[in-house]
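Architecture at a glance
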Amino acid sequence: MEFIQTIGLLLQRYSSFFADGVRNTLVIAAFSVLLGTLFGVFMAIARMSKIKPRKIIATVYIEFIRGTPLMVQLMFIFYGLPMVGITFPDIAWIPNFSRFAAGIVAMSMNSCAYVAEIIRSGIQAVDKGQMEAARSIGFTYGESMKMVVLPQAVKNILPAFGNEFVTVIKESSIVSVIGIGDLMFRTNDVIAVTYRSLPALAIAALIYFAMTFVSSRLIAAAERKMHHE
């Protein structure tokens, strides 16, 4: 009972901390998935390309990113790139922009590799006759992919894509190690002030669960709607 009361007290006193963390977490996750999807489409098409150099580059990138820890990738982006003269600019009206940029770039690069494989599997699940039919009526390869194959592939990949978004929300907690004020970072701030580790972490866990649960339900609803159309 005392534990629950402590949770309620922390929520009441430090709600602004947790709200700020939730906002930053969702911003990072949204941008990471958006950019990861945009580049993932091109990476998936490159991996299926008949041009060998393009296919090799895409394959190496995907396998390397999927085969290394996100923590290492984040540290390389944030600490390694400045050592060779590549830095993220600071913007006066956006606090800690360089840190946010590094976190989003690292998360996007990681998400891109996984999204590329999701999209590739979705495209390959579409009957090859669809591409052949589109080409036979005069569409170019790009037009056939954009107007015929990809729309059908979306229905196949939506569940896996939804899982990727949920995963990104959870994995975004890793950006706290470079000082980004996400939910985990703000939770640590509360712990530092109150010395109430377990209740603060319990609040963070409940908030993460709420975000992922709502996201998964929204994606499931979108999936049902698409299948009924």
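Residues numbered from 1 in each chain as written. Predicted model: local features only at pLDDT ≥ 70, side-chain atom pairs only at ≥ 80, totals over all residues. Heavy atoms only, no water.

1. A short note on helix α8 (residues 183–194)
- Taking 1.5 Å per residue as the helical rise, α8 with its 12 residues ought to reach 16 Å, and the 16 Å between its terminal C-alpha atoms agrees with that figure.
- Regarding α8, the residues found buried are Leu183, Thr187, Val190, Ile191 and Thr194. Along the axis of α8, the buried positions cluster into a sector of 100°, meaning they face one direction only.
- Where α8 terminates, the next one or two residues include Tyr195, which has phi positive at roughly 60°. (Helix = DSSP H or I, 4+ residues; strand = E, 2+ residues; numbered from the N terminus. Expected span 1.5 Å × (residues − 1). Buried < 20%, exposed > 50% of the residue type's maximum accessible area, 1.4 Å probe, protein only. Arc of directions from axis to C-beta.)

2. What to know about unusual backbone geometry
- Here Tyr195, not a glycine, exhibits a phi torsion of approximately 60°, which is positive.
- In this structure, Tyr195 sits in the loop between α8 and α9 (197–228).
- Residue Tyr195 is classed as exposed on the basis of its relative accessible area of 71%.

3. A few points about the packing of aromatic side chains
- Overall, the coordinates contain three aromatic pairs when judged by the stated rule.
- Taking the centre distance of 5.5 Å and the plane angle of 85° together, the rings of Tyr14 and Phe17 count as edge-to-face.
- Note on Phe78 and Tyr79: the rings are 4.8 Å apart at their centroids and 80° apart in plane angle, and the pair reads as edge-to-face.
- A relative accessible area of 16% places Phe78 in the buried class.
- On the accessibility criterion, Tyr79 (41% relative accessible area) is partly exposed. (Phe/Tyr/Trp six-rings, centres within 6.5 Å; stacked < 30°, edge-to-face > 60°.)

4. Re the confidence of the model for the chain
- For the chain, per-residue confidence averages 86 on the pLDDT scale, and 97% of positions sit at 70 or higher.
- The least confident element of the chain, judged by mean pLDDT, is helix α6 (residues 128–136) at 78; the most confident is helix α3 (residues 52–66) at 92. (pLDDT = per-residue confidence, 0-100.)

5. Let's talk about a nonpolar patch on the surface
- A cluster of nonpolar side chains, Val27, Phe31, Leu34, Leu38 and Phe39, forms an exposed patch at the surface whose accessible area comes to about 470 Å².
- Along the polypeptide, Phe31 turns up in helix α2 (residues 15–47). (Patch = residues over 30% accessible without salt bridge, like charges linked within 9 Å, V, L, I, M, F, W, Y side chains within 5 Å. Areas by Shrake-Rupley, 256 points an atom, 1.4 Å probe, with all protein chains shown as cover. Salt bridge = Lys/Arg side-chain N within 4 Å of Asp/Glu carboxyl O.)

6. Topic: the layout of surface pockets
- Volume-wise, the largest pocket comes out at about 420 Å³.
- Surrounding the largest pocket, 13 residues form its lining, Met48, Ile123, Lys128, Met131 and Tyr141 being those nearest its centre.
- Counting residues per element, the ones that place at least two in the lining of the largest pocket are α5 (97–125), α6 and α7 (141–171).
- Each pocket or cavity is described by its volume, and for the second largest pocket that value is around 160 Å³.
- Every residue lining the second largest pocket is listed: Phe64, Ile65, Thr68, Val72, Gln73, Phe76, Ile77, Ala106 and Met109.
- Listing elements by their share of the lining of the second largest pocket, those giving two or more residues are α3, α4 (70–83) and α5.
- At four residues, α4 tops the list of elements feeding residues into the lining of the second largest pocket. (1 Å grid on protein atoms, 1.4 Å probe; cavity = no way out; pocket = protein on both sides within 12 Å on 5 of 7 lines; lining within 4 Å. Points joined across faces, edges and corners; volume = space filled by probe spheres on them.)

7. Observations concerning the environment of Tyr61
- Within the fold, Tyr61 resides in helix α3.
- We classify Tyr61 as partly exposed; its relative accessible area is 22%.
- Excluding its chain neighbours within four sequence positions, the residues that come into contact with Tyr61 are Met43, Met109, Cys112 and Ala113.
- At 2.9 Å, the side chain of Tyr61 and the backbone oxygen of Met109 are in polar contact. (Contact = heavy atoms within 4.5 Å. Polar contact = N/O pair within 3.5 Å; in protein donor to acceptor, adjacent residues only side chain to side chain.)

8. Description of the side chain of Asp20
- One can find Asp20 in helix α2.
- Of note is the side chain of Asp20, whose polar atom sits 2.8 Å from the side chain of Arg186.

9. Quick word on the pattern of salt bridges
- What the rule picks out here adds up to seven salt bridges.
- Among the ionic pairs, Arg23 bridges to Asp20, the shortest N-O distance being 2.3 Å. Residue Arg23 and its partner Asp20 are located together in helix α2, separated by three residues, close to a single helical turn.
- As a salt-bridge pair, Glu117 and Arg66 come within 3.5 Å of each other at their nearest N and O atoms. Here Glu117 is found in helix α5, whereas its partner Arg66 is found in helix α3, with 51 residues between them in sequence.
- When its relative accessible area of 14% is taken as the criterion, Glu117 is described as buried.

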